[in-house]
Amino acid sequence: MFLTHLDCPRCGAQHDADRPQNLCTCGSPLLARYDLPAIANAVEPGDVERRGADLWRYRELLPVRSAEHVTTLGEGWTPLWPAARYGPAIGLNRLLVKDEGLLPTGAFKARGAAVGVSRARELGIRHVAMPTNGNAGAAWATYAARAGLAATIAMPHGAPVITRQECLVAGADLHLVEGVISDAGRLIAALIADADGAIFDVSTLKEPYRIEGKKTMGLEIAEQLGWRTPDVILYPTGGGVGLIGIHKALLELRTLGWLQGELPRLVAVQSTGCAPVVKAYDAGLRQVEAWPDASTVAFGINVPKPLGDELILDAIAESDGTAIAVDDADMLADLREFGRLEGLMLCPEGATCLTAARLLRERGWLGADDEVVLLNTGAGVKYPLDLA
Ligand SMILES: *Cc1c(COP(=O)(O)O)cnc(C)c1O
Ligand SMILES: [Zn+2]
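Residues numbered from 1 in each chain as written. Chains lettered and ligands numbered in written order. Predicted model: local features only at pLDDT ≥ 70, side-chain atom pairs only at ≥ 80, totals over all residues. Heavy atoms only, no water.

- An unreviewed UniProt entry annotates the protein as Threonine synthase originating from Hamadaea flava.
- The record held by UniProt for the protein lists under Cofactor (unreviewed entry) the comment "pyridoxal 5'-phosphate". (UniProt positions renumbered as here; feature names shortened; annotations may be inferred.)

Here is the structure:
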């Protein structure tokens, strides 16, 4: 296929894509690069449009070389619904919601897991390990089982119980830890160090292929709009992989010549209980400081110190976007209002984007006729919300 190498966005070093790789020697995440001119010669948008309704329709822009390694449960090609009542109610005439809650394991983490596990299997990896806030671990355990790989997962006690059950059903070696995801990360790092190369670290952004799966959200948004971009994309940002991935996808499509014009303004939405990216953005910094005592019911975005901070902040800056934090109480009220008007139960992370859209419209950062896409990153039914 068209994967050429891995690139370090910080120091520019190139790395061999055909053996397992974690971070660059400089400590930065690595990005997969493709022979885009060759792809442009080999395939056109019309070819993609005739393919199956899953993320493998973009196979030339994905890192898995051989179809026999593709590990799938039917992930991708989620609907992009107009919010025809809720949008105008908050002053947005063209609000669209991409519903990732329909994916296997009930969250968009399935995209990263499907591609990451497929590529790990192709590279001969037999055992993967990661810390998680729940949904990523559930997805990776599920796809690892599907691929016949072993999985070790560590998550905070407070993670949604259903995600534990998903890991256990998939036969993962599950560890529950006190604290937050970074505490789970320390446990995983110790297990990997003891395993002498037998366990591969698939922590967020520590391997380069999860982001390739997540970037398909951006590819789909462009295709679903008829190979054009919306004005703004709102993304609930924890590790930021989806935001970085969407940005990467749109740049690749532009290089392919499949997309013209401006990039959409990318908005990182966080919780006021854990807003390290917003704080760094507001201070004009390029790195985040760890957020103390991080806490939000939007568990998937409770990430005190994302490893991809520079990439997140660059994506926001390059696209002329912004970063905004919202309160849990406001988010839950908006989640209910959206359900009342549209019928769909967003996940709390997705619902943070409702509050962000409302506030950004009030402040005039969004115009009434801006076309705004928000990502509902998971299924509301996965969460034990106490709404009564
Ligand atoms: C993981 C997760 C997020 C945050 O995703 P990143 O790409 O790591 O920022 C958002 N929503 C849900 C439901 C998640 O599980
Ligand atoms: Zn580097």
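1. Topic: the overall build of the protein
Here is step 1: The secondary structure content of the protein amounts to 14 helices and 13 strands.
Here is step 2: For the protein, whose C-alpha radius of gyration is 19 Å, the value lies close to the compact-globule estimate of 21 Å for 388 residues.
Here is step 3: Across its three principal axes, the protein shows a C-alpha extent of roughly 55 × 50 × 40 Å.
Here is step 4: The distance from the centre of the 36 positive side-chain charges to the centre of the 48 negative ones in the protein is 2 Å. (Helix = DSSP H or I, 4+ residues; strand = E, 2+ residues; numbered from the N terminus. Rg over C-alpha atoms; globule rule 2.2 N^0.38 Å. Lys, Arg positive; Asp, Glu negative; His and termini not counted. Charge placed at Lys NZ, Arg CZ, Asp CG, Glu CD.)

2. Brief notes about the site of ligand 1
Here is step 1: Among the 17 residues in the neighbourhood of ligand 1, the closest are listed as Lys-109, Tyr-235, Gly-238, Gly-240 and Thr-377.
Here is step 2: The contact in question runs from an oxygen atom of ligand 1 to an N or O atom on the side chain of Lys-109, over 2.8 Å.
Here is step 3: Thr-377 has a polar side-chain atom sitting 2.6 Å from a nitrogen atom of ligand 1.
Here is step 4: In isolation ligand 1 offers 380 Å² of accessible surface; the protein chains occlude 97% of this area.
Here is step 5: Structurally, ligand 1 is housed in the largest pocket. (Near = heavy atom within 4 Å. Polar contact = N/O pair within 3.5 Å; in protein donor to acceptor, adjacent residues only side chain to side chain. Areas by Shrake-Rupley, 256 points an atom, 1.4 Å probe, with all protein chains shown as cover. 1 Å grid on protein atoms, 1.4 Å probe; cavity = no way out; pocket = protein on both sides within 12 Å on 5 of 7 lines; lining within 4 Å. Sits in = over half its atoms within 2 Å of the grid points.)

3. Some thoughts on the nonpolar core
Among soluble globular proteins, nonpolar side chains are generally buried collectively.
Here is step 1: In this structure, Ile-39, Ile-153, Ile-233, Ile-246, Leu-250, Leu-253 and Leu-375 are the most contacted members of the largest nonpolar core, which totals 88 residues.
Here is step 2: Tallying contributions element by element places helix 10 (residues 241-256) first for this core, with 8 residues.
Here is step 3: Judged by nonpolar contacts, the second largest core, of 27 residues, contains Ile-90, Leu-92, Val-97 and Leu-374. (Core = buried A, V, L, I, M, F, W, Y, C linked by side-chain atoms within 4.5 Å. Buried < 20%, exposed > 50% of the residue type's maximum accessible area, 1.4 Å probe, protein only.)

4. Some thoughts on the sheet that holds strand 4 (residues 80-82)
Here is step 1: One open sheet accounts for 6 strands, arranged 4-5-13-10-11-12; its pairing is mixed. Only two strands of the sheet have a single neighbouring strand rather than two, namely strand 4 and strand 12 (322-326). Taking each pair of neighbouring strands and ignoring which way they run, the sheet shows an average axis angle of 25 degrees.
Here is step 2: Here strand 5 (residues 94-99) runs beside strand 13 (residues 371-376); their pairing, made up of 6 bridges, is parallel. Across the sheet, the residue bridging to Lys-98 is Leu-375, located in strand 13.
Here is step 3: Of the strands in this sheet, strand 4, strand 5, strand 10 (232-236) and strand 13 touch helix 9 (residues 216-224), which is tilted by about 135 degrees from strand 5. (Pairing = 2+ DSSP bridges. Axes fitted to C-alpha atoms, helices over the stretch in contact; angles between N-to-C directions. Contact = heavy atoms within 4.5 Å.)

5. Focus: the coordination of the zinc ion (ligand 2)
Here is step 1: For the zinc ion (ligand 2), the protein coordination sphere consists of Cys-8 (SG), Cys-11 (SG), Cys-24 (SG) and Cys-26 (SG), at 2.3 Å.
Here is step 2: Around the zinc ion (ligand 2), the 4 donor atoms are arranged such that angles at the metal cover 103 to 117 degrees; this shape is classified as tetrahedral.
Here is step 3: In primary sequence terms, the donor set of the zinc ion (ligand 2) follows C-x2-C-x12-C-x1-C.
Here is step 4: For Cys-26, a relative accessible area of 30% puts it in the partly exposed group. (Donors = N, O, S within 2.8 Å, 3.2 Å for Na, K, Ca; no water. Tetrahedral: all angles 85-135°; square planar, octahedral: opposite > 155°, others 65-115°.)

6. Topic: the layout of surface pockets
Here is step 1: Looking at the largest pocket, its volume works out to about 750 Å³.
Here is step 2: Taken together, 46 residues line the largest pocket, and the ones lying closest to its centre are Pro-131, Ile-181, Thr-204, Gly-239 and Val-303.
Here is step 3: When residues of the lining of the largest pocket are traced back to their parent elements, those giving at least two are helix 5 (135-147), helix 7 (181-194), helix 8 (210-214), strand 10 and helix 10.
Here is step 4: Among the elements that line the lining of the largest pocket, the one with the most residues is helix 7, at 6 residues.
Here is step 5: Within the lining of the largest pocket, the residues separate by chemical class into 20 nonpolar, 17 polar and 9 charged. (Points joined across faces, edges and corners; volume = space filled by probe spheres on them. Nonpolar A, V, L, I, M, F, W, Y, C, P; charged D, E, K, R; others polar.)

7. Points about the UniProt feature "domain: Tryptophan synthase beta chain-like PALP" (unreviewed entry) in the protein
Here is step 1: Per the UniProt record, "domain: Tryptophan synthase beta chain-like PALP" (unreviewed entry) is found at residues 72-378.
Here is step 2: Helix and strand shares over residues 72-378 are 43% and 17% respectively, and the end C-alpha atoms of the span are 18 Å apart.

8. Things to note about the pattern of salt bridges
Here is step 1: What the rule picks out here adds up to 27 salt bridges.
Here is step 2: The partner of Asp-370 in a salt bridge is Arg-265, and the shortest N-O contact between them spans 3.0 Å. Of this pair, Asp-370 sits in the loop between helix 14 (348-362) and strand 13 while Arg-265 is found in strand 11 (residues 265-271), placing the two residues 105 residues apart along the sequence.
Here is step 3: Classification of Asp-370 by relative accessible area gives buried; the value is 16%.
Here is step 4: One salt bridge in this structure joins Arg-358 and Asp-334, with 3.1 Å as the shortest N-O distance. (Salt bridge = Lys/Arg side-chain N within 4 Å of Asp/Glu carboxyl O.)

9. Let's talk about the sheet that holds strand 9 (residues 200-201)
Here is step 1: Within the open sheet, the 4 strands sit side by side as 8-7-6-9. Their pairing is parallel. Every other strand in the sheet has two partners, leaving strand 8 (173-177) and strand 9 as the edge strands with one partner each.
Here is step 2: Two strands pair when backbone bridges link them, and strand 6 (residues 127-131) and strand 9 are joined in this way by 2 bridges, in the parallel orientation. Residue pairing for strand 9: Val-128 is matched across the bridge by Phe-200.

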